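Coordinates in review
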Amino acid sequence: MAKSPITCHILDASLGKPVEGVCIRLQQLEVGSASNGGVDIFHPLAKGTTNADGRCLDLLPPAGSEEESKEGTKLVEGQTYKIVFKTQEYFERTGRKSFYPWVEISFTIQNPGEHYHIPLLISPYSFTTYRGS
């Protein structure tokens, strides 16, 4: 089965377990121009939710699919995107307070034909990320 060109995975480092049910938002950057007052703006592109294994594998339609063409979600070389993980609700659900209500990770697409996996390790007062495979 083909998967989204951008996927993610969340692990709760303080418990050593995957994080299920976190709302994920993918946004695309529009660099400031005269028409928008010179302000950089991130526009919504896709949304998803982590599964029981803490993964979101269906954020975007697979590359080359008919859905990708219809939805206009093809990745663009040099384009900056941002993925937002709404972590506060997860910590509230597990009876814990957290410092960060969400985690935002911005990244630039170097090669639209590659797969981009964005893992996130969270705990109530810290987070870490890296480019996965």
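Residues numbered from 1 in each chain as written. Predicted model: local features only at pLDDT ≥ 70, side-chain atom pairs only at ≥ 80, totals over all residues. Heavy atoms only, no water.

Another aspect to go through is the pattern of salt bridges. This model, assessed by the stated rule, comprises 4 salt bridges. With a shortest N-O distance of 3.2 Å, Arg131 and Glu114 are connected by a salt bridge. Remark: Glu114 occurs in the loop between strand S7 (103–108) and strand S8 (116–123) and Arg131 occurs in the segment after strand S9 (126–129); sequence separation between them is 17 residues. Of the residues examined, Arg131 reaches a relative accessible area of 48% and is grouped as partly exposed. With relative accessibility at 35%, the residue Glu114 sits in the partly exposed group. (Salt bridge = Lys/Arg side-chain N within 4 Å of Asp/Glu carboxyl O. Helix = DSSP H or I, 4+ residues; strand = E, 2+ residues; numbered from the N terminus. Buried < 20%, exposed > 50% of the residue type's maximum accessible area, 1.4 Å probe, protein only.)

It is worth spelling out the sheet that holds strand S3 (residues 23–30) at this point. What the 4 strands build is an open sheet, ordered S4-S3-S6-S7; its pairing is antiparallel. Looking at the sheet topology across the chains shown, the edges are occupied by strand S4 (41–49) and S7. Each neighbouring strand pair of the sheet contributes to a mean axis angle of 25°, computed without reference to strand direction. Bridge analysis of strand S6 (residues 80–86) against S7 gives 6 bridges, and the strand direction is antiparallel. Within S7, the residue paired with Val84 across the bridge is Glu104. (Pairing = 2+ DSSP bridges. Axes fitted to C-alpha atoms, helices over the stretch in contact; angles between N-to-C directions.)

On the secondary structure map, Asp58 appears in the loop between strand S5 (55–56) and helix H1 (66–71). Relative accessible area serves as the criterion here: at 62%, Asp58 is assigned to the exposed category. The sequence separation of Asp58 and Ala46 amounts to 12 residues, and the corresponding C-alpha distance is 9.7 Å.

Within the secondary structure, Ser133 is located in the segment after S9. A relative accessible area of 86% means that Ser133 is categorised as exposed. The contact partners of Ser133, leaving out residues within four places of it in the chain, are His115 and His117. (Contact = heavy atoms within 4.5 Å.)

All we've got here are geometric facts, nothing functional implied.
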